[in-house]
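# Survey of secondary and tertiary structure
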Amino acid sequence: MEHLQAAFAKGHGAILIGGHFTTIEIATRILGTVVPMNVVYRPTKNALLSHIMHNGIGRHGNPIRHDDIRSMIRALKRNEAVWYAPDQSYRNKGAAMVNFFGIPAATTTATSRLARISGAAVLTYFPERLPGGRGYRVVIGPAFENFPSADAIQDVERFHALLQAQILRVPEQYCGCIGASRD
């Protein structure tokens, strides 16, 4: 929590980025009990499933659609946390091919833009299930230094390196979607 509190002390909010691990729902619940939490989500084509997802997020945080940049910036201006997992396949404006485990993958560069616009600190948020049903460990990394840089692809590569390290720590808990469509 000390890294998150340090980010909040600067008054520009915190962008928490992670991955699509099997702990994704519990992750928002854990942090949403201690700080105002805004969770970025991408609705599915199935209206019922999207409704269930929206309501589930709403129990422990404020759901924000992935394309609602204004709401993300407003939350950061209120000095709140905005959490999302940028490890999905993005093929539209703002996407770039960036290596992920040595394979070029369509990846969003939005984190750099959002940090530049808001002045928010960017931190990793990696929860993991402990063996033997002993609970969960949540690690909030320190704010990225010199972020965003002048090169959004280099910024994504920095995040990918941290995400890859976490995946290698707990590969059985990763269900990520880089390079695959989520629809």
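Please refer to the structure placed before this passage.
Before going into details, it helps to say that this report is about the structure given with it.

Parameters at a glance
Residues numbered from 1 in each chain as written. Predicted model: local features only at pLDDT ≥ 70, side-chain atom pairs only at ≥ 80, totals over all residues. Heavy atoms only, no water. Pairing = 2+ DSSP bridges. Helix = DSSP H or I, 4+ residues; strand = E, 2+ residues; numbered from the N terminus. Axes fitted to C-alpha atoms, helices over the stretch in contact; angles between N-to-C directions. Contact = heavy atoms within 4.5 Å. Buried < 20%, exposed > 50% of the residue type's maximum accessible area, 1.4 Å probe, protein only. Polar contact = N/O pair within 3.5 Å; in protein donor to acceptor, adjacent residues only side chain to side chain.

## Observations concerning the sheet that holds strand E8 (residues 136-140)
- The strand order across the open sheet formed by six strands is E3-E2-E4-E1-E7-E8, and the pairing between neighbours is mixed. The open sheet has two edge strands with one neighbour each: strand E3 (62-65) and E8. In this sheet, neighbouring strand axes are inclined to one another by 25° on average, regardless of whether the strands run parallel or antiparallel.
- Here four bridges tie strand E1 (residues 14-17) to strand E7 (residues 121-129), and the two strands are oriented parallel to one another. The residue bridging Leu-16 from the neighbouring strand is Leu-123, located in E7.
- Sitting on the sheet, helix H6 (residues 152-169) is in contact with E1, E7 and E8, with an inclination near 10° to E7.

## Points about the side chain of Thr-23
- Following the sequence through the fold, Thr-23 ends up in the loop between E1 and helix H2 (24-32).
- For Thr-23, a relative accessible area of 1% translates into the label buried.
- If sequence neighbours within four positions are ignored, Thr-23 has contacts with Pro-127, Glu-128, Arg-129, Tyr-136 and Gln-173.

## Remarks on the side chain of Thr-28
- One can find Thr-28 in helix H2.
- In terms of polar contacts, Thr-28 uses its side chain to reach the backbone carbonyl oxygen of Glu-25, at 2.9 Å.
- Here Thr-28 is in contact with Met-37, Val-39, His-60 and Trp-83, once residues within four sequence places are set aside.

## With respect to unusual backbone geometry
- For the bond from Phe-147 to Pro-148, the omega torsion is 0°, close enough to zero to count as cis.
- You can see Pro-148 is positioned in the loop between E8 and H6.
- One non-glycine residue, Phe-101, lies in the positive phi region at around 55°.

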